[in-house]
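Structural features, examined
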Amino acid sequence: MNSEKETFQQRNYIQKSFFYRFSQFVGFLLGARFFVAVLLIFALYVSTFFLFNQDENFRKFVFDFKVHGIIFCTVLTILAGGIINQFYDFEKDHVVKPFRTRIQSFIKQKYFLYAYLVLSLISLGVAWMISHNVFAFFVVYQFFMWFYSHKLSRILVLNNLTFVSLTLYPFFGMMVYYETFSKKVLLMAVFLFLILLCIDIVKDTLTKSVDKAFGYTTFPNYFKSRNTKTIIVSLLIITMAVSMKLIMKTGIAGFMAYYFTAGLFIFILCVYLILNHTRKSNFVTLNILRIWVFIGIIAMLLNGLEGKL
């Protein structure tokens, strides 16, 4: 009888231990913004090969270890940035994202900091082995990742501009690496910057009261609702103008032409939803814009495959 009881207790302990370890693993992935990092790396590979890389064939690109090294450093830096960001935003996330915070509670904050330091140092070490210029590039990237989380995320205008700039920073690095400067690439960069800026401001409208309570000065809690609505609608209209410029003046074709054309109707829908200015319409707008960014990556991939084949 005692033997059966001990066996049951051991089995129960193993199950609890497995759940605890699994919860720690999931908590670390969420804390490091792992899934966001995966999406950004996918976008970085697609844009690097099909947009910035104009000369190399696929075989040469696959064996270009310098490029893979830069992207590897980018992955580690993004993961480290996600960790330090959640460290500074822990109290706010506890209110805004209670489920994620509960999962992350399985890991002590000091272990997140250890992971941040390890990821940052490995990234800088690999960058140093690639070249001194790449090392300097990632020193700047990591510094602003930390400075954004520590200070800039609480400052009006700078919080949104810095966040979007840091998101696009690796793409700028690849553009410089391949020396791909053209009107089309510039307009596409402006388009992406504007749509990400819209996403970030709309996201702030959903956490307006929480941001204000924890000292984050954002557009929605600094300006009146009407002014914030005007800013978002203006950005969407400018994004539409950039889309039209891309379609009419750069000779863009294939799937990307369809993407930017359809985008005009998507942005008109978003303007309509923003003008309603309800929490639900803002939430729907946020997710439409996020999905549209992802569709843009897929469109670039299909357009590139069509051009390469």
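Residues numbered from 1 in each chain as written. Predicted model: local features only at pLDDT ≥ 70, side-chain atom pairs only at ≥ 80, totals over all residues. Heavy atoms only, no water.

**Regarding the overall build of the protein**
- Secondary structure summary: the protein contains 15 helices and zero strands in total.
- Taking all 309 residues of the protein together, 46% fall into the buried category.
- The contacts in the protein between residues at least 6 apart in sequence include a share of 77% that link residues at least 24 apart.
- For the protein, the exposed area adds up to about 17,200 Å²; of that, 69% sits on carbon and sulfur atoms. (Helix = DSSP H or I, 4+ residues; strand = E, 2+ residues; numbered from the N terminus. Buried < 20%, exposed > 50% of the residue type's maximum accessible area, 1.4 Å probe, protein only. Contact = heavy atoms within 4.5 Å. Areas by Shrake-Rupley, 256 points an atom, 1.4 Å probe, with all protein chains shown as cover.)

**A few points about a nonpolar patch on the surface**
- A contiguous nonpolar surface patch, about 410 Å² in accessible area, is contributed by L39, F42, I291, F294 and I295.
- Counting residues per element, the ones that place at least two in the nonpolar patch are α2 (34-52) and α15 (279-308).
- You can see I291 is positioned in helix α15. (Patch = residues over 30% accessible without salt bridge, like charges linked within 9 Å, V, L, I, M, F, W, Y side chains within 5 Å. Salt bridge = Lys/Arg side-chain N within 4 Å of Asp/Glu carboxyl O.)

**Some remarks on the pattern of salt bridges**
- In this structure the tally under the stated criterion is one salt bridge.
- With a shortest N-O distance of 3.2 Å, K203 and D200 are connected by a salt bridge. Residue K203 and its partner D200 are both found in helix α10 (residues 183-206); the two are separated by three residues, about one turn of the helix.
- On the accessibility criterion, K203 (29% relative accessible area) is partly exposed.
- Under the relative-accessibility criterion, D200 is labelled buried at 3%.

**Considerations on the packing of helix α9 (residues 158-178) against α10**
- Relative orientation of the contacting elements α9 and α10 amounts to 150°, with a least axis distance of 9 Å. With respect to α10, the element α9 is oriented roughly antiparallel. The handedness of the crossing between α9 and α10 comes out as right-handed. Residue-level inspection shows N159, N160, L161, F163, V164, S165, T167, L168 and M175 of α9 in contact with α10, the latter providing V185, A189, L192, F193, L196, L197, D200, I201, K203 and D204.
- Residues belonging to the contact of α9 with α10 are distributed by class as follows: twelve nonpolar, four polar and three charged. (Axes fitted to C-alpha atoms, helices over the stretch in contact; angles between N-to-C directions. Parallel < 35°, antiparallel > 145°, perpendicular 65-115°, else oblique. Left-handed = near helix turned anticlockwise from the far one by under 90°. Nonpolar A, V, L, I, M, F, W, Y, C, P; charged D, E, K, R; others polar.)

**A look at the nonpolar core**
- If you look at the biggest cluster of nonpolar residues, it comprises 80 residues, and the most contacted ones within it are F138 and L236.
- No other element matches α10, which puts 13 residues into this core.
- Those residues in contact with L236 that lie beyond four places of it in its chain are C198, F267, C270, V271, I274 and L289. (Core = buried A, V, L, I, M, F, W, Y, C linked by side-chain atoms within 4.5 Å.)

**Some words on helix α14 (residues 255-276)**
- When the terminal C-alpha atoms of α14 are compared, their 32 Å separation across 22 residues agrees well with the 32 Å that a helix rising 1.5 Å per residue should span.
- If you look at α14, its biggest bend is around 25°, right at G263.
- Listed as buried for α14 are M256, A257, Y259, F260, G263, L264, F267, C270, V271, L273 and I274.
- H277 sits one or two residues past α14 and shows a positive phi near 50°. (Expected span 1.5 Å × (residues − 1). Bend = angle between axes of the 7 residues up to and from the residue.)

**Topic: the confidence of the model for the protein**
- Of all residues in the protein, 81% attain a pLDDT of 70 or more, and the chain-wide mean is 81.
- A low-confidence stretch, residues 8-16 stays under pLDDT 50, and its non-local contacts, those more than four residues away or across chains, total zero contacts. (pLDDT = per-residue confidence, 0-100.)

**What about the side chain of S153?**
- Position of S153 among the secondary structure elements: in the loop between α8 (132-150) and α9.
- Accessibility expressed as a relative area gives 7% for S153, which makes it buried.

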